[in-house]
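Descriptive structure summary
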Amino acid sequence: RLTTDPGLSTDPALSPDGKLVAYASDRAGEGNLDVWVQQVAGGRAVQLTRHGADDREPSFSPDGSKIIFRSERDGGGIYVIPALGGDEQLLAKGGRNPRFSPDGKQIAYWIGAARAEPNVSGAGKIFVANASGEGPRQFQAGFASARHPVWSPDGSQLLFQGSADGTSATFDWWVAPLDGGAAVRAGVVEFFNREGVAASFRGADIRPAQWLGDRVLFHAVRGDVANLWQVRLPAGNRGVRGAPRRLTFSAGLETLPSAFALPDGRTRIVYASLVENTDIWAFAVDGNQGKAA
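Summarised in this report is the structure supplied together with it. (Residues numbered from 1 in each chain as written. Predicted model: local features only at pLDDT ≥ 70, side-chain atom pairs only at ≥ 80, totals over all residues. Heavy atoms only, no water.)

Bringing the side chain of serine 25 into the picture now. Checked against the element boundaries, serine 25 lands in strand S2 (residues 20-25). The class of serine 25 is buried, set by a relative accessible area of 0%. Polar side-chain contacts of serine 25 include one of 3.3 Å to the backbone oxygen of leucine 8. Setting aside anything within four residues of it in sequence, one finds serine 25 in contact with Asp5, Leu8, Ser9, Asn32, Leu33, Asp34 and Trp36. (Helix = DSSP H or I, 4+ residues; strand = E, 2+ residues; numbered from the N terminus. Buried < 20%, exposed > 50% of the residue type's maximum accessible area, 1.4 Å probe, protein only. Polar contact = N/O pair within 3.5 Å; in protein donor to acceptor, adjacent residues only side chain to side chain. Contact = heavy atoms within 4.5 Å.)

In this structure the tally under the stated criterion is eight salt bridges. Residue glutamate 88 is joined to arginine 73 by a salt bridge in which the shortest nitrogen-to-oxygen separation is 2.5 Å. Within this pair, whereas glutamate 88 is found in the loop between strand S7 (77-82) and strand S8 (89-93), its partner arginine 73 is found in the loop between strand S6 (66-71) and S7, the two being separated by 15 residues in sequence. Its relative accessible area of 7% is what places arginine 73 among the buried residues. Of the charged contacts in the structure, one is a salt bridge between aspartate 214 and arginine 232, with a shortest N-O distance of 3.3 Å. You can see aspartate 214 sitting in the loop between strand S19 (210-212) and strand S20 (215-222) and its partner arginine 232 sitting in strand S21 (residues 225-232), a full 18 residues away along the chain. Since its relative accessible area comes to 38%, arginine 232 is described here as partly exposed. Linked through salt bridges whose partners overlap, the residues forming this network are Asp55, Arg73 and Glu88. (Salt bridge = Lys/Arg side-chain N within 4 Å of Asp/Glu carboxyl O.)

This next bit is on the sheet that holds S6. Spatially, four strands are ordered S5-S6-S7-S8 in an open sheet, and the strand pairing comes out antiparallel. Two strands bound the open sheet, and with one partner strand each, they are strand S5 (55-60) and S8. Ignoring strand direction, the axes of neighbouring strands in this sheet form an average angle of 25 degrees. (Pairing = 2+ DSSP bridges. Axes fitted to C-alpha atoms, helices over the stretch in contact; angles between N-to-C directions.)

Time to look at the nonpolar core. Membership of the largest hydrophobic core comes to 19 residues, with the highest contact counts inside it found for Leu159, Trp173, Phe192, Ile206, Trp211, Val216 and Phe218. Secondary structure elements with two or more residues in this core: strand S15 (171-177), helix H1 (189-195), S20 and S21. (Core = buried A, V, L, I, M, F, W, Y, C linked by side-chain atoms within 4.5 Å.)

What follows is about the environment of proline 153. By the element assignment, proline 153 lies in the loop between strand S13 (145-151) and strand S14 (157-163). Here proline 153 falls in the partly exposed class, since its relative accessible area comes to 37%. Considering only alpha carbons, one finds proline 153 and asparagine 237, 84 residues apart in sequence, at a separation of 13 Å. When near neighbours in sequence (up to four residues on either side) are disregarded, proline 153 contacts Pro102, Trp211 and Gly213.

Most of S14 sits inside the fold, with seven of its seven residues counted as buried. Residues Gln157, Leu159, Gln161 and Ser163 point to one face of S14 and Leu158, Phe160 and Gly162 to the other, with burial holding for every one of them. In this sheet, S14 lies alongside S13 in antiparallel orientation, the contact comprising five bridges. In the sheet register, valine 150 faces S14, and the bridge partner there is leucine 159. Direction of pairing for S14 relative to S15: antiparallel, over a ladder of seven bridges. Bridge pairing in S15 links serine 163 to phenylalanine 171.

What follows concerns the packing of aromatic side chains. Here the distance between the centres and the angle between the planes together describe a pair of aromatic rings. Overall, the coordinates contain six aromatic pairs when judged by the stated rule. For the ring pair phenylalanine 69 and tyrosine 79, a centre distance of 5.9 Å and an interplane angle of 20 degrees mean the geometry is stacked. One end of the pair, phenylalanine 69, is in strand S6; the other, tyrosine 79, is in strand S7, and 10 residues separate them in sequence. Taking the relative accessible area as the measure of exposure, tyrosine 79 reaches 9% and is therefore buried. Aromatic side chains tryptophan 173 and phenylalanine 218 sit 5.1 Å apart centroid to centroid with 90 degrees between the ring planes, which places their arrangement in the edge-to-face category. Separated by 45 residues along the polypeptide, tryptophan 173 in strand S15 and phenylalanine 218 in strand S20 bring together distant segments of the chain. Accessibility assignment for this pair places tryptophan 173 and phenylalanine 218 in one class, buried. In textbook terms, an aromatic cluster arises when at least three aromatic residues are bridged by ring pairs, as seen for Phe139, Phe143, Phe160 and Trp174. Positioned above the aromatic ring of tyrosine 79, the side-chain terminus of arginine 73 is 4.6 Å from the ring centre. Over the ring of tryptophan 110 we find arginine 96, and its NZ or CZ is 5.8 Å from the ring centre. (Phe/Tyr/Trp six-rings, centres within 6.5 Å; stacked < 30°, edge-to-face > 60°. Lys NZ or Arg CZ within 6 Å of the ring centre and 35° of its normal.)

Glancing now at the side chain of serine 152. On the secondary structure map, serine 152 appears in the loop between S13 and S14. Exposure remark for serine 152: the relative accessible area of 2% places this residue in the buried category. Within polar-contact distance, the side chain of serine 152 engages the side chain of aspartate 154 at 2.8 Å.

What follows is the structure, encoded as structure tokens:
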């Protein structure tokens, strides 16, 4: 366990060397999420952002020097900040789930309503821009809905969640080359349907989290339980191979994996383990006026 403070700590991201973890947390006690970073081996967490709006979805640059994140300030957008603290810079208004390309020269992100049904037309559009945020261009503009882009290990393709025509019939994960060309259906929704895995859970739809080697990490939900999974997706094949494999077996909510390949061939994964607390409250009512007293 990496964090023990009360409240919400979520959206973890490992640095490329596996030594740092960045995450969003309300541990500052100001009623909003900020981006924090700390050593995986232990030590004091450092608060990177201090804006009154929620800052979340951090991700490291390939050299580990920068963190890119989503902020709700000023209508929402993508910002970048030095990994050890400094001034924040706006890169793209409206963007969500930003990710650097493997060479660090580009960023991919999507724009749309976070709580929209993912297979509805107009639910999301993917953009690719220079690492400075300049020159954004829409990726797979012909898709009715495209969200949550993930880079292939060599940076030549993007894996994303989308619907070609805005219906559930074409809703799936898709793979498409960065330089243009048709998208190919990855074929994971068939597994979801066969295994009784939910396509969404309390507003958080299943999406690819990270493409690492020939595997894609994600979280999936059965009933009220969420666990980490992986599926084989070899480079160049574009379609998944075999059934996805479950990695964790807790009865809680294990979500949002981020991974780092160790030199000995193993993989270190950091993830959020969430506990939802639901209470019943009462308040006095003025029955004559229909208002809380």
